[in-house]
Each structure stands twice: as C-alpha cells, then as structure tokens.
Amino acid sequence: MTRDTQSLALIETFLDTLWLERGASEHTLAAYRRDLEAWAAHLAETGGALIAPDGGLLPVWLEERRAAGYQLRSNARLLSSLRGFYRWALAEGRIAHDPLAEVRLPRVRPNLPDTLEEDEVERLLAAPDLATDIGLRDRAMLEVLYGCGLRVSELVGLSVDAVNLRQGVVRVRGKGDKDRLVPLGEEAVHWLTRYMRSARGGLISDVTRPALFPGRGDNCMTRQTFWHRIKTHARTAGITRPLSPHTLRHAFATHLLNHGANLRVVQLLLGHSDLSTTQIYTHVAQARLEALHADHHPRG
C-alpha cells in the first residue's frame, strides 16, 4: 500500500464506525470525508502522514485556507472533523497521543436564526381573511405555530385528539418520536376553538378523520403547502425580510427570552434535547438588546 491508499483506507474505516455506531447521515459522512481527505492530501504534499502528523502544521494550513477565501466556519468544521478522527484513532490504539490536542478551535460567531419583531408577528397573524374557512384555518395555524413554538412538521402533523382546549395544552410529537405537552395560550385556544367550530367542517369531507388541519384528501396538510400559505400572508402583511419555515418558531423563543423567560423553560417548550441548541436564542435576544441600546440610549 502507498501512503495515500493507507490514509484513504483508514478514513473509510473511521467513516464506517461513524455510520455503524452513531448512525451518521450520508451528508455528515460526506463532510467528514472531504475534510479528512483534504488534510491527508496536504500532509502528503509536505511529506507527512495522516496517522502521525505534525500538529503544528495545522494552524498554518488553516491560515492558508483563510487567506484563500475559506470562511472561519468552514475551518472550524474541518478542525472538528479532524479532532473526531484523531480521538477515534487514539481510542482504537492506532496512535499513542492526539496530535491536535493543543490546537484551539477558531472562534465562530453563531449564525443567528431568522426571526420577526413582535409588531411584524402581529401583522402576520392578522393577515388571513377571516371571512373564509381557509382564512380561519390559517389564522389558527399561525396562532398555534407562534404561540407554541412548534416546528412546521409538528404543526401540520397535529391530530384532533392531540388538542385539549379545556386544559389549554397540545400534545406534540417531535424529533425522535418524543412527545411533549405544550401550553397553547389564550389566543391559540380562542382561534382553535373558533376554527374547529366554524371552519374545519367546511374543509374536510369526513369530520371523523384525525387531521386537525386537513389538506387534500382529508389528510394532514403538507409542510410545503403551509410554507406557501405563510409567504402569501407575509406579503399581505407587508413583511419584506427573508423568512424561513422556522421563522415563527424562532420568534417564539426570542420573544420569550426578551420578556424574561428561563432558558431551560424555553428548551422544554421547543423540545430541544440539548440546552446548547436553545442557547442560540440568547444571542438573538442579546443582539436585539444591543440594537435597542444603540438606537435609543443617549450614550448608545
């Protein structure tokens, strides 16, 4: 075997382990493969070996990549891939020490999610035409989406029996088929009640079907259809900033934190298994506070 062939074979063994033991997706495996093969090729050019590199070469290479136009986030992801590989190699006994143990990750400012100001949310919620069954349905869906911070897939997948209007809660099935109970809030209860009494029967041929928000064929509405509805109502509301399917979910979390909610409470409501996932919203809230200070404080 040549050195390059050995490196490629070792990379494939590592990727097989990620797939077998962690269930890594094809997208994740492809990203690891690109990063590791790029590092192996760089080492080959400098006379080094993937299995026993000079760790001091990595900061220099990262700086070269940055000068060539690679973003900090790209370098941070690459370093994360390499660290995962060498930790695996160390645990497998293939190396005696981790060559990257002392290399520090580049600091990367997290990508802040798209969100809306509270007045923009109010305009969006008020956009549907309440004189129609579809308008009542859309208003109820928007109120539940924002009032509960649901993912769009969670919203469109709701069944009638998942909603308890008397207690004001909804049972949501999230990622990993994990259920959680989320408070609806007075506005969401009001609009859901109005929709179920006045509009749902006009949108579904068989009212015993389970879909709370039916689409074609009395089945649950698709995510794509609801996303199209959101964009339509955003235009009506005069909202021109870019939106994503999760915009109202992000707004829900950000506005809660802006009004003093505890981060762990927001974590539970969003259904995040890891608090670090929720912490992105503290950056959003902080950014908003900084902007307000700059705009309105005399010393801003």
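Model, not experiment: these values are computed from the prediction.

Draft legend 1. Structural detail: empty space enclosed by the protein. Tallied over the entire structure, the rule returns one cavity of 30 Å³ or more. Estimated volume of the largest cavity: approximately 40 Å³. What lines the largest cavity is Leu116, Leu124, Leu145, Trp227, Ile230, Leu243, Ser244, Pro245, Thr247 and Leu248. Those elements that place two or more of their residues in the lining of the largest cavity are helix H10 (223-236) and helix H11 (247-258). In terms of residue class, the lining of the largest cavity is built from eight nonpolar, two polar and no charged.

Draft legend 2. Region of interest: the pattern of salt bridges. In total, this model carries 12 salt bridges according to the counting rule given. Measuring nitrogen to oxygen at the nearest pair gives 2.5 Å for the salt bridge that ties Arg77 to Asp35. One end of the pair, Arg77, is in helix H4 (residues 72-91); the other, Asp35, is in helix H2 (residues 26-45), with 42 residues separating them in the sequence. Of the residues examined, Arg77 reaches a relative accessible area of 36% and is grouped as partly exposed. Judged by relative accessible area, which is 3%, Asp35 ranks as buried. Between Arg241 and Glu120 there is a salt bridge; the shortest N-O distance is 3.2 Å. Highlighted residues: Arg241 in the loop between H10 and H11 and Glu120 in helix H5 (residues 118-125), separated in sequence by 121 residues. We classify Arg241 as partly exposed; its relative accessible area is 35%. Taking the relative accessible area as the measure of exposure, Glu120 reaches 11% and is therefore buried.

Draft legend 3. Main features of the side chain of Arg249. Here Arg249 is to be found in helix H11. Despite its burial, Arg249 pairs with no opposite charge; the closest candidate is Glu154, at 4.4 Å N-O.

Draft legend 4. Examining the sheet that holds strand E2 (residues 169-173) more closely. As summarised here, the arrangement of the three strands in space is E1-E2-E3, forming an open sheet in which the pairing is antiparallel. In the strand order of this sheet, the two ends are held by strand E1 (163-164) and strand E3 (179-183), each with one partner. Bridging between E1 and E2 involves two bridges; their strand directions are antiparallel. Residue pairing in the sheet places Asn164 in a bridge with Val169 of E2.

Draft legend 5. Molecular detail of the confidence of the model for the protein chain. Mean pLDDT for the protein chain: 83, with 86% of residues reaching 70 or above. In the model of the protein chain, helix H14 (residues 280-296) stands out as the element of lowest mean pLDDT, 55, in contrast to helix H8 (residues 186-198), which has the highest, 95.

Draft legend 6. Region of the structure containing the packing of H5 against helix H6 (residues 133-148). Contact geometry for H5 and H6: axes closest at 9 Å, N-to-C directions at 150°. Judged on the interaxial angle alone, H6 and H5 are roughly antiparallel. Only Arg139, Leu142, Glu143 and Tyr146 of H6 make contact with H5, whose side of the interface consists of Val121, Leu124 and Leu125. Of the residues that constitute the contact of H5 with H6, the class distribution is five nonpolar, no polar and two charged.

Draft legend 7. Region of interest: the nonpolar core. Counting residues in each nonpolar core, the largest one holds 49 residues, and the members touching the most others are Val144, Leu155, Leu158, Leu184, Leu192, Phe213 and Phe226. Contributing elements (two or more residues each) for this core: H5, H6, helix H7 (152-156), E2, H8, H10, H11 and helix H12 (263-270). No other element matches H6, which puts eight residues into this core. With residues up to four places along the chain from it excluded, the contact list for Leu158 reads Val144, Leu150, Val170, Arg171, Pro210, Ala211, Leu212, Phe213 and Cys220.

Conventions used here
Residues numbered from 1 in each chain as written. Predicted model: local features only at pLDDT ≥ 70, side-chain atom pairs only at ≥ 80, totals over all residues. Heavy atoms only, no water. 1 Å grid on protein atoms, 1.4 Å probe; cavity = no way out; pocket = protein on both sides within 12 Å on 5 of 7 lines; lining within 4 Å. Points joined across faces, edges and corners; volume = space filled by probe spheres on them. Helix = DSSP H or I, 4+ residues; strand = E, 2+ residues; numbered from the N terminus. Nonpolar A, V, L, I, M, F, W, Y, C, P; charged D, E, K, R; others polar. Salt bridge = Lys/Arg side-chain N within 4 Å of Asp/Glu carboxyl O. Buried < 20%, exposed > 50% of the residue type's maximum accessible area, 1.4 Å probe, protein only. Lys, Arg positive; Asp, Glu negative; His and termini not counted. Pairing = 2+ DSSP bridges. pLDDT = per-residue confidence, 0-100. Axes fitted to C-alpha atoms, helices over the stretch in contact; angles between N-to-C directions. Parallel < 35°, antiparallel > 145°, perpendicular 65-115°, else oblique. Contact = heavy atoms within 4.5 Å. Core = buried A, V, L, I, M, F, W, Y, C linked by side-chain atoms within 4.5 Å.

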